[in-house]
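Below, each chain spelled out in residue letters.
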Amino acid sequence: MTITTISLDEVIIINQAKKIIANHMNKGKKISSPKDVTDYFVLNFGLYEYEVFGVLYLNQQNQVIKFEELFRGTINETSVYPREIAKQTLIYNATSVILVHNHPSGECKPSQQDIQLTHKIEQVLSLIDVTVLDHFIVAKHNFLSLKENGYY
């Protein structure tokens, strides 16, 4: 197993890049394509050594309300609770969401559990008239859109 170390200069550069890209995800930014969120997701999720599941909450015009990392797990799994996603969605009065989680292994291919979870969240949110626009998997510097790849 190779352990990659990051120099202090690289950490500073990464943090500056995160700030720049985070400014593009400010409240009110309109999301019109997957590219609008992928840089942010890859930069913020790609280097985690543990699984994280987040939700981007959007209003009726697909403008950003808020982004939250809701669940944190271990190196190969995290527990995700659709009820908590629904609760937060109602708190923010969102009409749609974009889901994202990472695979620290570096493999973007969704597991059967990833696909089932997406369907379950979609079902739960549909009961409160909220649409799941997409679910992204981030692995290192790569990403996969479940919607664009026909997984749902």
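Look up: the structure comes first, before these words.
Residues numbered from 1 in each chain as written. Predicted model: local features only at pLDDT ≥ 70, side-chain atom pairs only at ≥ 80, totals over all residues. Heavy atoms only, no water.

K.L.:
I keep staring at the sheet that holds strand β4 (residues 131-139) and nothing clicks. Help me out?
P.N.:
Through backbone hydrogen bonds, the strands of a sheet pair up, either in parallel or in antiparallel fashion. Taken in spatial order, the five strands make up an open sheet running β2-β1-β3-β4-β5, and their pairing is mixed. The sheet is open, and its two edges are formed by β2 (64-72) and β5 (142-145), each paired on a single side. Pairwise comparison of adjacent strand axes, ignoring direction, gives a mean angle of 20° for this sheet. The strands that helix α3 (residues 82-92) touches are β1 (52-58), β2 and β3 (96-102); relative to β2, the one it contacts most, it runs at about 155°. Each of β1, β3 and β4 touches helix α4 (residues 112-126); the most contacted strand, β4, lies at about 155° to it. (Pairing = 2+ DSSP bridges. Helix = DSSP H or I, 4+ residues; strand = E, 2+ residues; numbered from the N terminus. Axes fitted to C-alpha atoms, helices over the stretch in contact; angles between N-to-C directions. Contact = heavy atoms within 4.5 Å.)

K.L.:
What is the right way to look at the pattern of salt bridges in this model?
P.N.:
Between side chains of opposite charge, a pair can form when the charged atoms approach closely. Here the structure, examined in full by the defined rule, presents two salt bridges. In this structure, the salt-bridge partner of Glu84 is Arg83, at a minimum N-O distance of 3.7 Å. Taking relative accessible area as the criterion, Glu84 reaches 29% and is therefore assigned partly exposed. Its relative accessible area of 62% is what places Arg83 among the exposed residues. (Salt bridge = Lys/Arg side-chain N within 4 Å of Asp/Glu carboxyl O. Buried < 20%, exposed > 50% of the residue type's maximum accessible area, 1.4 Å probe, protein only.)

K.L.:
Where do I start with the nonpolar core in this structure?
P.N.:
Residues Phe53, Ile85, Val97, Ile121 and Leu125 are the most contacted members of the largest nonpolar core, which totals 16 residues. At the level of elements, β1, β2, α3, β3 and α4 are the ones that each hand at least two residues to this core. Discounting chain neighbours no more than four positions away, the residues touching Ile121 are Phe53, Val80, Pro82, Ile85, Leu99 and Val132. Ranked by size, the runner-up nonpolar core spans 15 residues in total, among them Tyr40, Leu56, Leu58 and Val64. (Core = buried A, V, L, I, M, F, W, Y, C linked by side-chain atoms within 4.5 Å.)

K.L.:
What exactly am I supposed to notice about the environment of Lys30 here?
P.N.:
Locating Lys30 in the fold gives a position in the loop between α1 (8-23) and α2 (35-45). A C-alpha to C-alpha distance of 8.6 Å links Lys30 and Leu58, two positions 28 residues apart in sequence. Leave out the neighbours within four places in its chain, and Lys30 touches Asp36, Gln61, Asn62 and Gln63.

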